[in-house]
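A look at the structure
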Amino acid sequence: MKAEVKDRILDIGVTIISKKGYNGIGIQEVLDEAKVPKGSFYHYFKSKEDFSIQVIKKHSEDSLVYINSFLEDTSLSPLQRIYSLFEDVQKTYIEKDFKEGCLLGNCSTELGGQKTCFATTLEDEFMKMENEFSKCLEEAQTKGELKTTHPTEELASFIVNGWEGALLRIKASRNLKPMKTFVEFLKTKILI
């Protein structure tokens, strides 16, 4: 039961921080939404900062499950898995009316320069994402689908950095053009 309460609080935190950011969230709002007393919150989290770090990790964990549902889909070639992921991401942003962005990207711009604990946590989570792309790219190289000799770690870093940048621009421009441009460059210039 206790794990369920903590997970519910974290899920609510992901939703609210995705919409309002760290500085726009109050603990009471989370407690009201979760229908738990303040003492319960401090049973699970030392502070708002600790809560937010755990929210970032929870979001990242959920995102990796989503990403890997594409990158590990052996019914498609490795590069097609990557492109399929980005097609689905575009659908998600249309459904969300371009409002939320990526929690990791949003928190990076809001919190990355504030405290080392936030910067370190965010970088660790981005590295996990890069690792998953790198594994898929290694498979593409092994199968001869990816001809470039660039290290897969660098390509994966480029993908995550470009993806995050495209998501920031999508949020600002409220259209898919930044993501479409990013994917087109991946297909025609980078992952060849």
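Before going into details, it helps to say that this report is about the structure given with it. Everything numeric here is computed off the predicted structure, so don't read it as measured data.

1. Examining the overall build of the chain
Scanning the chain for helices and strands turns up nine helices and zero strands. The secondary structure elements of the chain, listed N-terminal to C-terminal, are α-α-α-α-α-α-α-α-α. Rg of the C-alpha trace for the chain: 18 Å, near the compact-globule value of 16 Å for 192 residues, within the 12% margin. Across its three principal axes, the chain shows a C-alpha extent of roughly 55 × 35 × 30 Å. Each of the 192 residues in the chain was classed as buried or not, and the buried ones make up 46%. Put simply, 67% of the contacts in the chain that link residues at least 6 apart link residues at least 24 apart. For the chain, the exposed area adds up to about 10000 Å²; of that, 53% sits on carbon and sulfur atoms.

2. Section: the state of the cysteines
Linking two cysteines covalently via their sulfur atoms produces the bond known as a disulfide. A complete count under the given rule lists zero disulfides for this structure. Among the cysteines around C102, which has no disulfide bond, C107 carries the closest sulfur, lying 8.6 Å off. Counting only cysteine sulfurs, C102 is the nearest neighbor of C136, a cysteine outside any disulfide, at a range of 19 Å.

3. Notes on the pattern of salt bridges
Going through the model one piece at a time under the given rule, you end up with 10 salt bridges. Between R81 and E139 there is a salt bridge, and its shortest N-O distance comes to 2.9 Å. Of the two residues, R81 sits in helix α5 (residues 78–95) while E139 sits in helix α7 (residues 116–142), which places them 58 residues apart along the sequence. Look at R81 and you get buried, because its relative accessible area is 2%. Classification of E139 as partly exposed rests on a relative accessible area of 25%.

4. A look at the packing of α7 against helix α8 (residues 152–173)
The contact between α7 and α8 brings their axes to 8 Å, and the two run at 125°. One element, α7, and the other, α8, form an angle in the oblique class. Here α7 runs over α8; the crossing is right-handed. On the side of α7, the interface is formed by F126, M129, E130, F133, S134, L137, E138 and Q141, while α8 contributes T152, E153, L155, A156, S157, I159, V160, N161, W163 and E164. For the contact of α7 with α8, a count of residues per class yields nine nonpolar, five polar and four charged.

5. Here we look at helix α9 (residues 177–190)
Across its 14 residues, α9 extends 18 Å between first and last C-alpha, which sits within 8% of the 20 Å expected from 1.5 Å per residue. Three or more residues of α9 are buried, namely P178, M179, F182, V183 and L186. The buried residues of α9 occupy an angular sector of 130° when the element is viewed end-on, so they sit on one face. Those residues of α9 that are exposed and angled more than 90 degrees off the buried face are K177 and K189.

6. Considering the environment of G165
As for its position among the elements, G165 is in helix α8. Residue class for G165 comes out partly exposed when judged on its relative accessible area of 29%. Remark: the alpha-carbon pair of G165 and P178, spanning 13 residues in sequence, is separated by 8.4 Å.

7. A few points about the side chain of E125
Locating E125 in the fold gives a position in helix α7. A distance of 3.2 Å separates polar atoms of two side chains, one belonging to E125 and the other to K128.

8. Digging into α8
Here α8 is 22 residues long and its end C-alpha atoms lie 31 Å apart, about the 32 Å a rise of 1.5 Å per residue gives. Restricting attention to buried positions, one finds in α8 the residues T152, L155, A156, I159, V160, W163, E164, A166, L167 and I170. For α8, the buried positions fall inside an angular range of 165° around the axis, keeping them on one side. For α8, exposure combined with an orientation more than 90 degrees from the buried face picks out E154, R169 and A172. Buried-residue contacts for α8 involve α4 (48–71), α5, α6 (103–111), α7 and α9. The first or second residue beyond α8 is R174, which carries a positive phi of 60°.

Criteria and thresholds
Residues numbered from 1 in each chain as written. Predicted model: local features only at pLDDT ≥ 70, side-chain atom pairs only at ≥ 80, totals over all residues. Heavy atoms only, no water. Helix = DSSP H or I, 4+ residues; strand = E, 2+ residues; numbered from the N terminus. Rg over C-alpha atoms; globule rule 2.2 N^0.38 Å. Buried < 20%, exposed > 50% of the residue type's maximum accessible area, 1.4 Å probe, protein only. Contact = heavy atoms within 4.5 Å. Areas by Shrake-Rupley, 256 points an atom, 1.4 Å probe, with all protein chains shown as cover. Disulfide = S-S within 2.5 Å. Salt bridge = Lys/Arg side-chain N within 4 Å of Asp/Glu carboxyl O. Axes fitted to C-alpha atoms, helices over the stretch in contact; angles between N-to-C directions. Parallel < 35°, antiparallel > 145°, perpendicular 65-115°, else oblique. Left-handed = near helix turned anticlockwise from the far one by under 90°. Nonpolar A, V, L, I, M, F, W, Y, C, P; charged D, E, K, R; others polar. Expected span 1.5 Å × (residues − 1). Arc of directions from axis to C-beta. Polar contact = N/O pair within 3.5 Å; in protein donor to acceptor, adjacent residues only side chain to side chain.

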